[in-house]
Every structure is written in structure tokens, then in C-alpha cells.
Amino acid sequence: MKVAIVHDWLVNYGGAERVVEAMLSVYPDADIFTLVYDEKKMGHIFPKEKIHTSFVQKIPCATKLYTKFLTLMPRAFESFDLTGYDLVLCSSSSCAKGVITAPNTAHIAYIHSPMRYAWDQFFSYRKSSGRLTRFFMDRWIPQIRLWDYVSSQRIDALIANSSYISRRIKKCWNRESEVIFPPVNTERLSPNGKAAEDFFVVFSRFVPYKRIDLAIKACAEAGERLVVIGSGSQEKELKELAGKNENIVFTGRISDDEVKGYLQRCKALIFCAEEDFGIIPVEAQACGRPVIAFGSGGATETVVDGVTGVFFEKQTVDSLLSAMQRFDDLYKNGAFDAEKIVLHAQKFSTERFCTELKEKIEKTITEMKK
């Protein structure tokens, strides 16, 4: 079977790229089609000889400015000639799912989310944008939204990365979708067999919607130790927020092994974002550690309240502090069993993802032949 994998862009390695990597492990001979490709960053994972890029790749600095070319993306993905492929497997949070396939080609799309900036989060993006960006958003987004809906109707089968995204797909595209949780490399993560140390961890890109500020403010107010792992556009702002508080430590970018060490030793991970799925809470649980999470989005499907962590209801410092107090009470009473937490995390393994994906593909192809 000749297989094509289509992904929005290959410029950084994150959760969506892990999905593509897992897809490639299922179909190692597949070709990969994408808007733009940064060989320096991604060549060691996705070899250049497998990659087919769009005409956008030829634009100067395209691998850095690709998000500015939204109006070109529909034409870019529709320009890929996928004639002769038996299976086209898309990984999409933007326009990748909009490729055109033959009637006898199985077109299956794994959806991380319908375009947030075109649908339910449009007004949030618009509010945070400058005057010029708002002008072009008002002019172009209605057309993008129409194309997004139309292109969603020509997909044979839709897979959502969570029930949260499945509901968004139904709302935006009026399509049903099956939920297959994304792959988490739980195999490389495990408890260290030692008692937790007295500190919390935040591990994230430093961008506004991650709400790392909540964890910093709450831990500062409660006098708790917090290790903040990562970097990003908010780094200066967050460090200024922490000030000279010796309980708040920033590690910067560190290796996977160092992250693993912190996750194994921490009392709990604090997760303040509303994510479509959220891999980090699962990674913490794979290390046997509980999670204090904002009770919305994908976290509600990966964390079991009172068993593998606790939720806070609002993205406010007071709400987080209340959850931290509840966590502390449960923690002191031995509510969080490391073995049970690890067992729960295994439900999100890469092996499970590959098995469920293959089953869905085989089922779709069988139904198309009827």
C-alpha cells in the first residue's frame, strides 16, 4: 500500500510532530508532504529524502515566517499531487487536512484542532493582535473559515485527539469523529522509586495561554518551592514576576533526561493551560507523580481527580491555591499511589496509539470497499 503522510509544517519538534513520527513508525515507507521543512532542526527525525514541500518553501525565511502565509496555505496543500496513493493520512491543526485525493484513496485526518484562530478563539486572537493584523483578520478569516469547512467535508474519516476536540469538530464542521489519544512516550519514563521532594514543577513553553504566571504567583504566596522548566517569549516577564524569590527557580531549556529527573522527584506538576490534549501531565504521571491541573480541555481526560491529581476550576491564583491546599491534604493522607498513577499513564502509550490508528485505518478502508 502506497501511503502519504501530510502535516502542517515541520519546523519544530512538539506533540504534533510526535504524532507524525508515530505514523511513520506504522508506515515507514510513507512519503511526507508539508508546507515548509527545516532540515537543520528536523532532519534527524524526518529525513530530507522523504519530504515533499510546497511552493511556500521557496519564499525567503519561510521556515520562520510560515504563520504569516495563512492565505497561501489552502492553495499550497491543494497543489500536492497525491495521485496513486492508496492512503493519505493527515496530521492537522491548520490546513494540512485540505489536500485533494482521488475517490478511491482513503483520506483519514488526525485532527489536533480545527483552526483555533478561525473559529472559537478568533476573538481572543483578534483582541491580542495589532491594528494591522486585525484589519487583515477581518478581511481574510471569513474566507479561510469557509474553505476550512468545505475541505473538512471531503475527508473520509476524522480522528480527534480528545473528546474536547471531537466536540469542537462537531461544532465547526458538523462531522463526527473518533477519539484516539495522541502518543506519549511513556516507555522512557518511570518512577525513580524514591519519596518525592518538597517542590512543584512547571514544564512548558513560556507563552501567555500556558498561564505559568498563575503557578509563580500561587507558589510565591504559599511559600512553596517551584521549578520552572522551559523558555519562550514570556521569559523576561515571568522572571520579573518571580523577582528575587529564592523559592522560584528557572532552569531554562534542559535535556530530556534532566526533565525526567525533575518529574521523578517533584511533589506534583502544576498545569495551568487549557490544552486540546496536553502531553506534559501524562509524562508526569508516567513518572508516578500527580498533577494539579486546570479543569478544562484535555486535562480532564488525562487526569483523574483525587486519584492521579486534582483540578482547579478557574484560571485564577485563588482557585489554584485552593487546589494546592486540597492536594496537600490528600497527599499527606497517601491518596496518590505511584503505581496506580503509572498504570493510568500507560493508557496513553505510543504502542496503544499505533494499534488504535491501524485499526481505524483498516476499518475505514474496508468500509470504502463495500
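Residues numbered from 1 in each chain as written. Predicted model: local features only at pLDDT ≥ 70, side-chain atom pairs only at ≥ 80, totals over all residues. Heavy atoms only, no water.

**Q** How do you make sense of the sheet that holds strand β9 (residues 226-229) when you look at a structure like this?
**A** In a beta sheet, neighbouring strands are held together by backbone hydrogen bonds and run either parallel or antiparallel to one another. The six strands are arranged β10-β9-β8-β11-β12-β13 in an open sheet whose pairing can be described as parallel. Only two strands of the sheet have a single partner each, and these edge strands are β10 (248-252) and β13 (309-312). Shown here is a sheet whose adjacent strand axes are inclined to one another by a mean of 25°, direction ignored. As judged from the four bridges shared by strand β8 (residues 200-203) and β9, these two strands associate in the parallel manner. Paired with Phe200 across the bridge in β9 is Leu226. Taken strand by strand, helix α11 (residues 279-286) contacts β8, β11 (268-271) and β12 (291-294), and its axis lies near 175° from that of β11. (Pairing = 2+ DSSP bridges. Helix = DSSP H or I, 4+ residues; strand = E, 2+ residues; numbered from the N terminus. Axes fitted to C-alpha atoms, helices over the stretch in contact; angles between N-to-C directions. Contact = heavy atoms within 4.5 Å.)

**Q** Would you explain the packing of aromatic side chains in this entry?
**A** Scanning the entire structure with this criterion turns up 16 aromatic pairs. Ring geometry for Trp9 against Tyr66: centres 4.9 Å apart, planes inclined by 45°, an arrangement best described as tilted. One end of the pair, Trp9, is in the loop between β1 (3-7) and α1 (15-26); the other, Tyr66, is in the loop between α3 (62-65) and α4 (73-78), and 57 residues separate them in sequence. A relative accessible area of 12% means that Tyr66 is categorised as buried. Ring geometry for Phe33 and Phe80: centres 5.2 Å apart, planes at 65°, overall edge-to-face. In this pair, Phe33 sits in strand β2 (residues 31-34) while Phe80 sits in the loop between α4 and β4 (87-92), placing the two residues 47 residues apart along the sequence. By the burial criterion, Phe33 is buried, and Phe80 matches it. Chaining the aromatic ring pairs together yields one cluster made of Phe33, Phe77, Phe80 and Tyr85. (Phe/Tyr/Trp six-rings, centres within 6.5 Å; stacked < 30°, edge-to-face > 60°. Buried < 20%, exposed > 50% of the residue type's maximum accessible area, 1.4 Å probe, protein only.)

**Q** What should I look at first to understand empty space enclosed by the protein in this one?
**A** Gaps left between atoms are located by rolling a probe of water-molecule size over the structure's atoms. Tallied over the full model, the rule gives one cavity of 30 Å³ or more. Surrounding the largest cavity, 13 residues form its lining, Val202, Ser204, Ile270, Phe271 and Cys272 being those nearest its centre. Only β8, α8 (212-222) and β11 provide two or more residues apiece to the lining of the largest cavity. Per element, the largest residue contribution to the lining of the largest cavity is three residues, and it comes from β11. In terms of residue class, the lining of the largest cavity is made up of ten nonpolar, one polar and two charged. (1 Å grid on protein atoms, 1.4 Å probe; cavity = no way out; pocket = protein on both sides within 12 Å on 5 of 7 lines; lining within 4 Å. Points joined across faces, edges and corners; volume = space filled by probe spheres on them. Nonpolar A, V, L, I, M, F, W, Y, C, P; charged D, E, K, R; others polar.)

**Q** Is there a simple way to think about the environment of Cys172 in this case?
**A** With respect to the secondary-structure elements, Cys172 resides in helix α7 (residues 163-173). According to the relative accessible area criterion, Cys172 is buried, its value standing at 9%. Residues Cys172 and Met115 lie 57 residues apart in sequence; the distance between their C-alpha atoms is 9.4 Å. Here Cys172 is in contact with Pro114, Trp119 and Tyr149, once residues within four sequence places are set aside.

**Q** In this structure, what is going on with a positive patch on the surface? I would like to understand it.
**A** Positive charge collects at one region of the surface, where Lys40, Lys41, Lys64 and Arg253 lie side by side. Here Lys40 lies in helix α2 (residues 39-42). Look at Lys40 and you get exposed, because its relative accessible area is 83%. (Patch = residues over 30% accessible without salt bridge, like charges linked within 9 Å, V, L, I, M, F, W, Y side chains within 5 Å. Areas by Shrake-Rupley, 256 points an atom, 1.4 Å probe, with all protein chains shown as cover. Salt bridge = Lys/Arg side-chain N within 4 Å of Asp/Glu carboxyl O. Lys, Arg positive; Asp, Glu negative; His and termini not counted. Charge placed at Lys NZ, Arg CZ, Asp CG, Glu CD.)

**Q** Mind showing me how you'd approach the packing of α8 against helix α9 (residues 235-242) here?
**A** For any two helices packed against each other, one specifies the crossing angle of their axes together with the interaxial distance. Packing of α8 against α9 leaves a shortest axis separation of 10 Å and a crossing angle of 15°. Judged by the angle between their axes, α8 and α9 are roughly parallel. Taken as a pair, α8 and α9 cross one another with a handedness that is right-handed. Two secondary-structure elements touch here, α8 through Ile212, Asp213, Ile216 and Lys217 and α9 through Leu238, Leu241 and Ala242. Classifying every residue of the contact of α8 with α9 by side-chain character gives five nonpolar, no polar and two charged. (Parallel < 35°, antiparallel > 145°, perpendicular 65-115°, else oblique. Left-handed = near helix turned anticlockwise from the far one by under 90°.)

**Q** Please explain helix α15 (residues 350-368) as it appears in this structure.
**A** With 19 residues, α15 should cover 27 Å at 1.5 Å per step; its first-to-last C-alpha distance of 27 Å lies within 8% of that length. Within α15 the residues assigned to the buried category are Arg352, Phe353, Cys354, Leu357, Lys360, Ile361, Thr364 and Ile365. Against α1, β4, β5 (106-111), β6 (157-160) and β7 (178-179) lie the buried residues of α15. (Expected span 1.5 Å × (residues − 1).)

**Q** What should I look at first to understand the pattern of salt bridges in this one?
**A** Within this structure, the stated rule accounts for 19 salt bridges. For Arg265, the salt bridge goes to Glu197, with nearest N and O atoms at 3.3 Å. Note that Arg265 is positioned in helix α10 (residues 256-265) and Glu197 in the loop between β7 and β8, a separation of 68 residues in sequence. With a closest N to O distance of 2.2 Å, Lys210 and Glu275 form a salt bridge. In this pair, Lys210 is assigned in the loop between β8 and α8 and Glu275 in the loop between β11 and α11, connecting sequence segments 65 residues apart. Each member of the pair, Lys210 as well as Glu275, is classed as buried.

**Q** It is not clear to me how α8 should be interpreted in this structure. Could you clarify?
**A** Given 3.6 residues per helical turn, the α-helix brings residues three or four places apart onto the same face. When α8 is considered as a whole, its buried residues turn out to be Ile212, Asp213, Leu214, Ala215, Ile216, Ala218 and Cys219. Of the residues flanking the end of α8, it is Gly223, one or two places downstream, whose phi is positive at about 70°.

**Q** So what exactly am I meant to see when it comes to unusual backbone geometry here?
**A** Excluding glycine, residues mostly have negative phi values, and the peptide bonds linking residues are mostly trans. Here the phi dihedral of Cys61 falls at roughly 60°; this positive angle occurs in a residue that is not glycine. Along the polypeptide, Cys61 turns up in the loop between β3 (51-53) and α3. Phi at Arg211 takes a positive value of approximately 55°, unusual for a residue other than glycine.

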